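Observations on the model geometry
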Amino acid sequence: MKKVFLILIMIVPLLATSCSNDTDPVPASSSGKIGFYATAPKSSRAASTTTATLNNFVVYAFTNTSVVMNGVTVSRDGGSWTYSPLVYWPALPVDFYAVSPETVANNEKPSDGSNSISKVECGDTDLLYAVALDQVESPAPVALTFRHAMSKVSLMLSSTSNRYSIEVYHVSLNNISLWGDFSFPETDTSDSTGDGTWGNLSDLKSVLVYYSDLDTNPSLLSITPRDLTEGNLNMSFFIPQPLSPLTYSSGAGFSGSYMQIDCVVKDKLTGEKVWPNEHTPDYLLVAHSECGRMVFPLSTPAVTEWRQGYSYIYNVEINSTYSVDTIEFAPTVTDYVVSTPF
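Nothing here was measured: the structure is a model prediction, and the numbers come from that model.

A word on the overall build of the protein chain
- A count of helices and strands for the protein chain gives zero helices and 28 strands.
- Buried residues in the protein chain amount to 51% of all 342 residues.
- Only carbon and sulfur atoms are counted for the fraction: they give 50% of the accessible area of the protein chain, which is about 15,600 Å².

Re the packing of aromatic side chains
- Applying the stated criterion across every chain, the model contains 14 aromatic pairs.
- Above the plane of the ring of Trp179 lies Lys119, whose end atom (NZ or CZ) is 5.2 Å from the centre.
- One residue, Lys152, lies across the ring of Phe237, its end atom 5.6 Å from the ring centre.

Side note on the pattern of salt bridges
- Overall, the coordinates contain two salt bridges when judged by the stated rule.
- In this structure, Arg147 and Asp195 form a salt bridge, with 2.5 Å as the shortest nitrogen-oxygen distance. Here Arg147 is found in strand S12 (residues 147–148), whereas its partner Asp195 is found in the loop between strand S15 (179–183) and strand S16 (197–199), with 48 residues between them in sequence.
- The exposure class assigned to Arg147 is buried, which follows from its relative accessible area of 17%.
- Where Lys266 meets Glu167, a salt bridge forms, and the shortest distance between an N and an O atom there is 3.4 Å. Placement of Lys266 in strand S24 (residues 258–267) and of Glu167 in strand S14 (residues 164–177) is noted, with a sequence separation of 99 residues between them.

Comments concerning unusual backbone geometry
- Geometrically, the link from Ser84 to Pro85 is a cis peptide bond, its omega value of -5° lying close to zero.
- Assignment of secondary structure puts Pro85 in the loop between strand S7 (80–82) and strand S8 (94–100).
- Look at the link from Ser100 to Pro101: it is a cis peptide, with omega at 5°.
- Backbone geometry at Asn175 places phi at a positive 60°, although glycine is not the residue there.
- With respect to the secondary-structure elements, Asn175 resides in strand S14.
- Within the chain, Asn200 stands out as a residue other than glycine whose phi angle is a positive 50°.
- Within the secondary structure layout, Asn200 lies in the loop between S16 and strand S17 (204–211).
- The class of Asn200 is exposed, set by a relative accessible area of 57%.

Describing the pairing of strand S10 (residues 128–135)
- Within S10, six of the eight residues are buried, leaving the element largely enclosed by the surrounding structure.
- By the bridge criterion, six bridges tie S8 to S10 in an arrangement that is antiparallel. If you follow Val99 over to S10, its bridge partner there is Tyr129.
- Of the pairings in the sheet, the one linking S10 to S12 comprises two bridges and is antiparallel in character. The residue of S12 that forms the bridge with Tyr129 is Arg147.

A few points about the sheet that holds S16
- Across the sheet, three strands lie side by side as S9-S15-S16; this open sheet has antiparallel pairing. Unpaired on one side and paired on the other, strand S9 (116–121) and S16 mark the two borders of the sheet. In this sheet, neighbouring strand axes are inclined to one another by 35° on average, regardless of whether the strands run parallel or antiparallel.
- Pairing geometry for S15 and S16, over three bridges, is antiparallel. Bridging across to S16, Asp181 finds its partner in Gly199.

Quick word on the side chain of Asn56
- As for its position among the elements, Asn56 is in strand S5 (residues 56–62).
- Asn56 has contacts with Val74, Ser75, Trp81, Ser100, Pro101 and Glu102, leaving out every residue within four places of it along the chain.

Regarding the sheet that holds S5
- What the six strands build is an open sheet, ordered S7-S6-S5-S8-S10-S12; its pairing is antiparallel. Taken across any chain shown, the strands that pair with only one partner, and hence form the sheet edges, are S7 and S12.
- Pairing of S5 with S8 involves five bridges; the strand directions are antiparallel. Note that in S8 the partner of Val59 across the bridge is Ala98.

As for the confidence of the model for the protein chain
- Averaged over all residues, the pLDDT of the protein chain equals 79, while 78% of them reach at least 70.
- Mean pLDDT values over the elements of the protein chain span from 35, in strand S2 (residues 15–16), up to 97, in strand S21 (residues 241–242).
- Low confidence marks residues 1–30, where pLDDT is under 50. Its contacts with residues over four positions away, or in another chain, come to 165 contacts.
- Within the model, the stretch residues 325–342 combines pLDDT values under 50 with 45 contacts to residues more than four positions away or in other chains.

Criteria and cut-off values
Residues numbered from 1 in each chain as written. Predicted model: local features only at pLDDT ≥ 70, side-chain atom pairs only at ≥ 80, totals over all residues. Heavy atoms only, no water. Helix = DSSP H or I, 4+ residues; strand = E, 2+ residues; numbered from the N terminus. Buried < 20%, exposed > 50% of the residue type's maximum accessible area, 1.4 Å probe, protein only. Areas by Shrake-Rupley, 256 points an atom, 1.4 Å probe, with all protein chains shown as cover. Phe/Tyr/Trp six-rings, centres within 6.5 Å; stacked < 30°, edge-to-face > 60°. Lys NZ or Arg CZ within 6 Å of the ring centre and 35° of its normal. Salt bridge = Lys/Arg side-chain N within 4 Å of Asp/Glu carboxyl O. Pairing = 2+ DSSP bridges. Axes fitted to C-alpha atoms, helices over the stretch in contact; angles between N-to-C directions. Contact = heavy atoms within 4.5 Å. pLDDT = per-residue confidence, 0-100.

See the structure below:
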């Protein structure tokens, strides 16, 4: 019987929506305080930050001669934004840089005008950034258009098999960079070219994104896809980076960018374990475990990198016992349609 494993990859760009926010900033030769109007991208995933869920951001501001704001936290207070002490407009144009959430700003930050954040890590934090350059005093607040700096990755696992039950114990992403340095763009983030850049990516590592509690309560796949990246480890946001093709050699094992699913396949009628079994090659066995490993690529001809501001949804449907020689992939790419900003 032919065994088919289907991976559908959908690229979902997270784009901007609108909503208002007010805030204050800086001392100088003006009586007007600085206010902010902030917008964040509309998201297809509930875990991503939107304008409605943006609760705080940290602002840095510079003229060409001085620091105007040095890590000032601006917090939501009902329908407005507050911070203390108040800061007023200087006589010179001001460049504003903002980052959210506040916890990310605890990294090495642009307080010296270097406009970068060092060693941002993968995890459950949706990093947003905004840039507004050459701003001068105006009755209107400073408009901060936030963008997503990270890539969001979702691993949706399911099974529609009437014959087999799939028990998932661990899921990992392999040969990826877990942290990097983020640099703000040199243009306003309201511009189409206002993307930041990533550099100094860490060496390639493996990261566990799901595990069953004490290996005694595996996730049993069902017909309804389940996002295991939003499970007990909350690993959803990753450093944008290139992805390399999955390969295997007897000497080096698996290489390239890939996901690994440690699982057991059982017969639904008898409860007997049918995979892994005595015919399963050693390189598909998980040491000190009854599990076998299923390996799937993160890279396809259509998806060769994780880009900032994009959400990558990997749909993995497992309907049979595992055989490397009989895996088939059917990748599709679908754009997320953003509703009209309000």
